[in-house]
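For reference, the chains in residue letters:
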Amino acid sequence: MTKDQAILEHINNTDTLPVAFYTPSEHETNTLTYLHCVNVPIHWHEYIEILYLLEESMTAVVQSETFKLTYGDMLIVNSGELHSTQLVTESSDSQYTLLQIPSTLLDQLLPGFDSIRFDSYITAESIAATPGLKEYLSTMEALYNDQYDGWQLDFSAALYGFLSSLYKYHSHHLIDTKISESNTRDMVRMIEIVEWVRNNSTENITLEDAANQVNITKEYFCRLFKKYTGQTFLDYLTTVRTMNLYEDLRNSDASLERLLEKHGITNYKTFMRTFKKLYGITPRQVRKQL
């Protein structure tokens, strides 16, 4: 099992831009997609993801480190990093700005970029003190919303200014690119479990089954899984099953009872709590919005 077999997300470039960009205004008309994007279990992708939080708070786990973000903070997930995110909100209209940059673009702009990492967490105070950072981001948002003739050129100029500011003030070179043998083994184990759950989430999976899958004790497995994902294995399993059910809920006419059975969900109370936390609304409200 390699990292290539973990959950991999692909970038969808925006119009003729070299990056994908999502603004708060889009959340108002596409709330379900927005919430689905922010609340995801552990995964990885081959692009850099930058999330600027405009309301509420969020918990993120990046390469086993947990970050608590609040209004005005920025999360940066470098290419290839295992991470999970969880928006903390009681409403369905919280907002953020999201920028996804292909690693190939940065490789072209900055030779040797594969040895560079952006800081994972930048506070609102640090953003305000960083020359041009917030201004470039605001400019990109305004340009994306206006989209006058030739706006893509101005957007690219602001993007490069934004990246330049990040590189100068919020990046570091990797001194030792080698990861310890123990950490590598543990990460591979977690990747294997992530993939195994994705492929078998409808089966009768237990904690013991998961630990046996990677040949470690149940107690050690629990500690390891919590370290790399920021949640318990059972919470993760419920999340994956709930998200799979959500897709069926939107794309089929099957009853909720039938979908619960299909996806191996037996605890209705836990399911409803997880669903509301992920999407901000109930399954019945999802159906009404279709």
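None of these values were measured; they are calculated from a predicted model.

Q: Explanation requested: the packing of helix 5 (residues 133-146) against helix 6 (residues 151-169) in the structure shown.
A: Interaxial distance between helix 5 and helix 6 falls to 9 Å at its minimum, and their mutual angle equals 160 degrees. Here helix 5 lies roughly antiparallel to helix 6, going by the angle between them. At the point where helix 5 passes helix 6, the crossing takes the left-handed sense. For the pair helix 5 and helix 6, the contacting residues are Leu133, Tyr136, Leu137, Thr139, Met140, Leu143 and Tyr144 in the first and Trp151, Asp154, Phe155, Ala158, Leu159, Gly161, Phe162, Ser165 and Leu166 in the second.

Q: Before we go on, may I ask you to explain the packing of aromatic side chains in this structure?
A: Ring pairs (aromatic) are described by centroid distance and by the angle formed between their planes. Taken as a whole and assessed by the stated rule, the structure comprises 15 aromatic pairs. Ring centres 5.9 Å apart and planes at 70 degrees place the aromatic pair Tyr144 and Trp151 in the edge-to-face group. Grouping residues by exposure puts Tyr144 and Trp151 together as buried. Aromatic side chains Tyr246 and Phe275 sit 6.3 Å apart centroid to centroid with 55 degrees between the ring planes, which places their arrangement in the tilted category.

Q: What exactly am I supposed to notice about the side chain of Ser120 here?
A: Take Ser120: it is sitting in the loop between strand 10 (116-118) and strand 11 (121-122). Excluding anything up to four places from it in sequence, Ser120 contacts Val62, Phe67, Met74, Leu75, Ile76 and Glu81.

Cut-offs used in this document
- Residues numbered from 1 in each chain as written.
- Predicted model: local features only at pLDDT ≥ 70, side-chain atom pairs only at ≥ 80, totals over all residues.
- Heavy atoms only, no water.
- Axes fitted to C-alpha atoms, helices over the stretch in contact; angles between N-to-C directions.
- Helix = DSSP H or I, 4+ residues; strand = E, 2+ residues; numbered from the N terminus.
- Parallel < 35°, antiparallel > 145°, perpendicular 65-115°, else oblique.
- Left-handed = near helix turned anticlockwise from the far one by under 90°.
- Contact = heavy atoms within 4.5 Å.
- Phe/Tyr/Trp six-rings, centres within 6.5 Å; stacked < 30°, edge-to-face > 60°.
- Buried < 20%, exposed > 50% of the residue type's maximum accessible area, 1.4 Å probe, protein only.

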